[in-house]
Amino acid sequence: MKRLYQPLTRRINEDKKITFFWQEKKYTGVDGDTLATALHASGVKTISRSLKYHRPRGLFSLDGEGVSTLVEVDKIPNTRAEITPIKEGLTVRAQNYVGSLNYDLMGVLDKFSFCMSAGFYYRIFHKPAFLWKKVIEPLRKAVGTGKLDLDYDYSKKTEERFLHTDVCVIGGGPAGMTAALGAAKAGASVILLERRAELGGFYNWRTALIDGLPAVKRAANIAKQVKESSQIIVLEDTFVMGIWGERQVTAYKRGSVDDTYDEQYIEIMAGSVICATGCLERPLVFEHNDRPGVMQADCAHRLVNQYGVSPGKRLAFSIGDNLGLESALDLAKLGVQVVMVADSRESGFDPALVKELRQLNIEFRPGYAVSRVAGYRKIRKAVLTHLKTGAATSVNCDTVVVNAGRSADVRVVSTSGAKVEYDPNTGFFIPAILPEKVFFAGRARGLEKGQNIEASGYHAGLDAAESMGYSVASLRDDMTVEKEKYIPCLIAHSSKIGEGEKSFICFDEDATLKTVRQGVQAGMERTDLAKRFVSVGLGAGQSALPGSNLSIILAEITGKSINNFVPTTVRPPVEPVSLATLSGANHPVFKVTPLYDNHLKAGAVMQRMGVWKRAKYFSKDTSCRDEVKNVRCNVGITDVSTLGKFRISGSDALKVLERIYINSMDGLKEGKLKYVVALNGDGCLLDDGVAAHIGENDYIFTTSTGHAAKTIEWFRFHSRYENWNYSMVNLTDQLSGMNIAGPNSRKVLEKLVDIDLSNTGFPPNAIRKTQIGGVGVWLMRVGFVGELAYEIHVPASAAASLWDAILEAGNSFGIKPFGQEAQFILRLEKAHIIIGQETESRVNLLDVGMGHVWAKKDTKNKKVGAYALRIAKDQPKRLKLVGFTIDDDAEVPGDGAVIVADKNDVVGNICSCRYSETLGKAFGLALVEEALSEIGSTLELFEDGMDVKDRVKAIVCKTPFYDPHGLKQRV
C-alpha cells in the first residue's frame, strides 16, 4: 500500500525495501519499519491468538506492553513484533494456534468460556487429587505462547557494562531530557536511558506547536543539547528492568547492526535516580475490545505520522484525553477517513481541537464511549453509548481507536520501593512516598502543557543534583512550572459499557469484566487477590495495560473508595529480558601462569582448574604413563606458580605462624623449611604448604592454590586481638614457581647455579637464595612426588626464560615437562594428601593420619583447631583415611565411588584412585568407617554404571605405596 506522508515526524525510508517472511509467505516492508507496522501496512490484521480463548489478536499498541503481537522470529519465540525492527530475510511465524492462524481449531474454546469462570482451575481440578495429574499436561499444552526448538542454538552475543553516575534518568521524553540537562548544568554526571531508538518521547510523533515549534522539532532541539553535553551519557534502545537497593539500576540495551553484541546487560550504580517514564494509555473496557482493528490512540497516531501506515479505511474514535483528539485531527488532515470522534468526558477537552474537528465535518460526541464492536477477524461497526443516558448510536467502521484517558507509568519507580496512592486531582496512581534520592517527574504528574512537562523534568534534575551535594539555587528560576488544571477521564467503563461476555480487562490472560465480578463474589475483592484469582496482569505485560483499570473497576463493583484499591506490586524485570543476557557473555575467564605460553609451545593439553588454566597433560595419553616414568627414572619439571607465596616479618611473626599452623614452628633454624598444616576451628584441614626461615624474624611460606586469596584475611582474623607486630606481603602473582624432580634433578641444577647442591651442602628441607642466569631465585629442596626435588621461586617476568634455560640444561639428562595429572599420580603413590580431595567436612587431622604434625604440648600459642583435636582424639567410629590396592587390572574405579558393606550400606568413599605403572596395579586413598581401616581389610567398591550386585574388591594396605622410607628424596 502507498504510505502516507508526514515529513516532520516520518521515521521510515521508502526507498529501501526489506523482504521478510510471514507464515511462510514473502512480505515487503521499508527501512525503519517494525514487524508490526510492516505487517499492518501489508494488510495483516491478525498477528496472534490469545492465551486462553484463542481469540484473534492484532495491533493494539506500539510499545510492546502486552502479548497480543508476540511472534516467533527466526525460531526465537515470544518476540515483541511492535518493537522489533525488520531485517532482510527474517522468518516470522505466529504463535499459539492449531491448524492455521485465521482458522485456529482451538478457537472453539471461545464458545465454552462460560465453563471457565474466575478461578475455575482452583475449584474444579483439586478434587479428587488424581484429576489434577490427568489434566495438568493437556492444560499446559492448550495454553501458553511460543515453543522452544530444543535442537536450535539460542545463544546470543551478549556483553556486560557496569557504570557509575551521580544521576540516572530513566525516560528520554521531554521531562527526561530536561532533567538530564538540569542535573548536568549543576555539574552532576548523568546517564539517560531511553527504551525507544531515539530521544523525544511522545513529542516525536506530534506536530502540535509547543512554544512556537512543532513538538517533534522541539524534541530534536532538546535532544541535540543533551547529546552535545559532555556531562551526559545517552543510552537509547535501552530497557530498564528495575531499581534495586541503594539506587542500582539494571537495564539491557539492544545492539544495532554495527554493534558487537545482540544485547548488552547494563548495571548502573547511581547516586540519585529520576523516573520520567511518562504515561500509559488506559484501555477502554467494552464488548470485544480485543478484536483486530481496535487500537490505542497513540498507536494509530504513530502508525500514520511515523510509519505512514493508515490504521484502516474508516476510523471511529472513542477516547478520553486531548492527545486522543489531537491524533484524530492529525489523521484526518492526512486523508485518513475519521467518521466519528466520541470523548468519554463531557468537559475538560480542548475547545480548539474540537473546533477543528467540526471544521473538518467530523462528528464529535462528548460523554459517549464505544460499548461494543461487531465483527470477528475484522470490525464491521461500532456501537457508541452515552455514559449517563444510555442513548446509543452505531457507526460503520473497520477500525476503532480507543483509550480511557491516561495512567501514570509507575512500573519502574515502584521497583525502587515507592509507595503509590490515588491522586484525585489527576485520576492517576502516583508515588506518594519516594525512597531517598529517587525522584518522579513529567507528564505522569498530571501535566499536559509541554512547557510544564519540561520544567517538571528540569527541576527534578536540579533536585537530584542537589541531593548529591551540588549547588542549584541560582538555577531554579531558569524554568518554572505554571499552574494548570488537568481534567482526567475517570472511567474504565460504566453501567452502560462492557456488559457483555467478552469485555477484556487483561488481554494477556483473557480476564474479563465478568470474571472480575465473579472474583468479587467469591470474596476476592482486594487487588492482589483479584489479580491472582482472576488472572489480571499475570502475563508478560506486567499490568502495563490493565494497570489502573482493575482498581477502578473493583472500586465500582464494591462501592468502596478507590483509595482502597492501590494497584498490585510491579516486580522486576519490568521489561522482559532473555536469560542469555542475564547470564552474561560466556567469556572463558581464567588466570594463567607466566609459563602458559611455554606449555602451549610444548604441546600441553590445558584444562580449567578453579580460576586457573593449567597444563593437565603433555601428550594425548591421559594415563600420563610416560610423564610419570620420566620423573621416576630421569628428571621432570612442572609449573607450581599457582601456589600462594607470602613473606611475613616482624618481631611477632613467629607468634602468628605458631597460632595459624598446628605444627611447632619454634626451633625452625634460618635456612631451613618445614611442611606446615593449617586447620579450621573444627580441627579439619584448611591448608598446607611449607614455611621457611630466611632471616631474623623473617619467613616465607607457601599455601595451596585454593587458599592463596584468603590467607592474609585468615592470619589477620586470628590475630585481631593480639596487637602483634608483623607485616605480610602477598607475592603469589609476583613470583612464579616450578618444581624440578627426579634422580637427575641435581645434575640439571648443577649446570645452572654456583652453590653447593650436595646432600651435605644443601640437605633436604633447606632453602637457599641464589641466581640462575643472573636472576635471583629462592631454591628449596622440597617436593611431594617422592623423588629428589627442588622448588624454584623466580620473579614472574623471568619465569619463561628460566623455564627454557632449565629444559636446555636438562636436555642431556632426559628432562621433560609433566602436567597436573602426572603430579596427581606421583603424589598419590607417596600418599600425600590434597586438601579437598582426601579431606571433607567430617574428617580432621587425626582421621587422615597426620596426627604426627600436631604439636600437642603447645597450649600457650592457642593453635587454631587444637582444642577440637583434643575433644575428638578419643572419639570412636570416625572415618579414617586408608590406602588400598586393587589386583584386578581391568577395574579402576573413579574418584568418588562408594564403599559398601552388608546390604548395600555406604561405609565410605574413594578419594583418589589411579592405575600405577610403578606399582603395576590400581591403587588409591579412601575414607572408610573405622572398623574397615585395619591393614588387610577388604573393601567392596561400587560406582555408577555397575550392576548393583557387582563389587570391585580392594585391600587396605600400608602407605606410602612408593619408597615408604623416603630414601629417594634424601639422596
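Nothing here was measured: the structure is a model prediction, and the numbers come from that model. (Residues numbered from 1 in each chain as written. Predicted model: local features only at pLDDT ≥ 70, side-chain atom pairs only at ≥ 80, totals over all residues. Heavy atoms only, no water.)

Enquirer: I'm lost on the sheet that holds strand β36 (residues 685–695) in this one. Help?
Expert: Whether parallel or antiparallel, the strands of a sheet pair through hydrogen bonds between backbone atoms. Within the open sheet, the five strands sit side by side as β35-β36-β37-β34-β38. Their pairing is antiparallel. In the strand order of this sheet, the two ends are held by β35 (673–679) and β38 (727–730), each with one partner. Across the sheet, the mean angle separating the axes of adjacent strands is 25 degrees when strand polarity is ignored. Relative to strand β37 (residues 698–703), β36 runs antiparallel, the two being bridged by four bridges. When the sheet's bridge partners are listed, His693 is paired in β37 with Tyr699. (Pairing = 2+ DSSP bridges. Helix = DSSP H or I, 4+ residues; strand = E, 2+ residues; numbered from the N terminus. Axes fitted to C-alpha atoms, helices over the stretch in contact; angles between N-to-C directions.)

Enquirer: Sorry, what's going on with the packing of helix α7 (residues 322–333) against helix α8 (residues 351–359) here?
Expert: Relative orientation and spacing of two packed helices are given, respectively, by the angle between their axes and the distance between those axes. Remark: α7 packs on α8, axes separated minimally by 10 Å, with the N-to-C direction vectors making an angle of 30 degrees. Classed by the angle they form, the pair α7 and α8 counts as roughly parallel. Crossing handedness for the pair α7 and α8: left-handed. Facing α7, whose interface residues are Asn322, Leu325, Glu326, Ala328, Leu329 and Lys333, α8 presents Leu353, Val354, Glu356 and Leu357. Split by residue class, the contact of α7 with α8 holds six nonpolar, one polar and three charged. (Parallel < 35°, antiparallel > 145°, perpendicular 65-115°, else oblique. Left-handed = near helix turned anticlockwise from the far one by under 90°. Contact = heavy atoms within 4.5 Å. Nonpolar A, V, L, I, M, F, W, Y, C, P; charged D, E, K, R; others polar.)

Enquirer: What should I look at first to understand the pairing of strand β22 (residues 379–386) in this one?
Expert: For a regular strand, side-chain orientation follows a simple rule: the groups alternate between the two sheet faces. Within β22, six of the eight residues are buried, which leaves it mostly tucked inside the rest of the structure. Between strand β21 (residues 368–375) and β22, which pair antiparallel in sequence order, lie three residues. Pairing of β22 with strand β23 (residues 392–396) involves five bridges; the strand directions are antiparallel. Its bridge partner being in β23, Lys381 is matched across the sheet by Asn396. In textbook terms, the turn of a hairpin is the stretch between consecutive antiparallel strands, and for β22 and β23 this stretch comprises five residues, one of which, Gly390, has a positive phi near 85 degrees. (Buried < 20%, exposed > 50% of the residue type's maximum accessible area, 1.4 Å probe, protein only.)

Enquirer: For this particular structure, what's the right way to read the nonpolar core?
Expert: One broad trend across soluble globular proteins is that nonpolar side chains are buried collectively. Grouped together as the largest cluster of nonpolar side chains are 52 residues, with contacts concentrated most on Ile170, Leu193, Val249 and Ile268. Among residues more than four places away in sequence, those in contact with Ile268 are Leu163, Thr165, Cys168, Ile191, Leu193, Arg247, Gln248 and Val249. (Core = buried A, V, L, I, M, F, W, Y, C linked by side-chain atoms within 4.5 Å.)

Enquirer: Help me understand the sheet that holds strand β41 (residues 775–780), please; the structure alone is not making it clear to me.
Expert: The six strands are arranged β40-β41-β42-β39-β33-β43 in an open sheet whose pairing can be described as mixed. Looking at the sheet topology across the chains shown, the edges are occupied by β40 (767–772) and β43 (815–817). Within this sheet the neighbouring strands show an average axis-to-axis angle of 25 degrees, counted without direction. Both strand β33 (residues 635–639) and β43 contribute to a ladder of three bridges, which runs parallel. Its bridge partner lying in β43, Val635 is registered against Ile815.

Enquirer: Mind showing me how you'd approach α7 here?
Expert: One full turn of an α-helix is made of 3.6 residues, so residues set three or four places apart face in the same direction. For α7, spanning 12 residues, the distance from its first C-alpha to its last is 17 Å, which sits close to the expected 16 Å at 1.5 Å a residue. Buried within α7 are the following residues: Asn322, Leu323, Gly324, Leu325, Glu326, Ser327, Ala328, Leu329, Asp330, Leu331 and Ala332. Buried residues belonging to α7 abut α6 (297–307), β18 (314–319), β19 (337–343), α8, β20 (363–366) and β25 (406–408). Positive phi shows up at Gly335, right after α7, with a value of about 100 degrees. (Expected span 1.5 Å × (residues − 1).)

Enquirer: Explain the packing of helix α16 (residues 625–633) against helix α21 (residues 820–829) here, please?
Expert: Close contact between α16 and α21 brings their axes to 9 Å; oriented N to C, the two are set at 55 degrees. Here α16 lies oblique to α21, going by the angle between them. Crossing handedness for the pair α16 and α21: right-handed. Between α16, through Glu627, Val628, Val631 and Arg632, and α21, the contact on the second element is made entirely by Ala822, Ile825, Leu826 and Glu829.

Enquirer: Before we go on, may I ask you to explain the pattern of salt bridges in this structure?
Expert: Pairing of side chains with opposite charge becomes possible as their charged atoms draw close. Counting across every chain of the model gives 52 salt bridges. Asp409 is paired through a salt bridge with Arg411; the nearest N and O atoms lie 3.0 Å apart. Asp409 gets classed as buried once you look at its relative accessible area, which sits at 8%. A residue is classified by how much of its surface remains accessible, and Arg411, at 11% relative accessible area, is buried. Residue Asp895 pairs with Arg914 through a salt bridge whose shortest N-O separation is 3.2 Å. Note that Asp895 is positioned in the loop between β44 (879–886) and β45 (898–901) and Arg914 in strand β46 (residues 905–916), a separation of 19 residues in sequence. With relative accessibility at 37%, the residue Asp895 sits in the partly exposed group. When its relative accessible area of 17% is taken as the criterion, Arg914 is described as buried. (Salt bridge = Lys/Arg side-chain N within 4 Å of Asp/Glu carboxyl O.)

Enquirer: Quick question: what am I supposed to make of the side chain of Glu821 here?
Expert: As for its placement among the helices and strands, Glu821 is situated in helix α21. The class of Glu821 is buried, set by a relative accessible area of 6%. If we ignore the near neighbours within four places in the chain, the residues touching Glu821 are Lys616, Tyr617, Thr622, Cys624 and Arg914.

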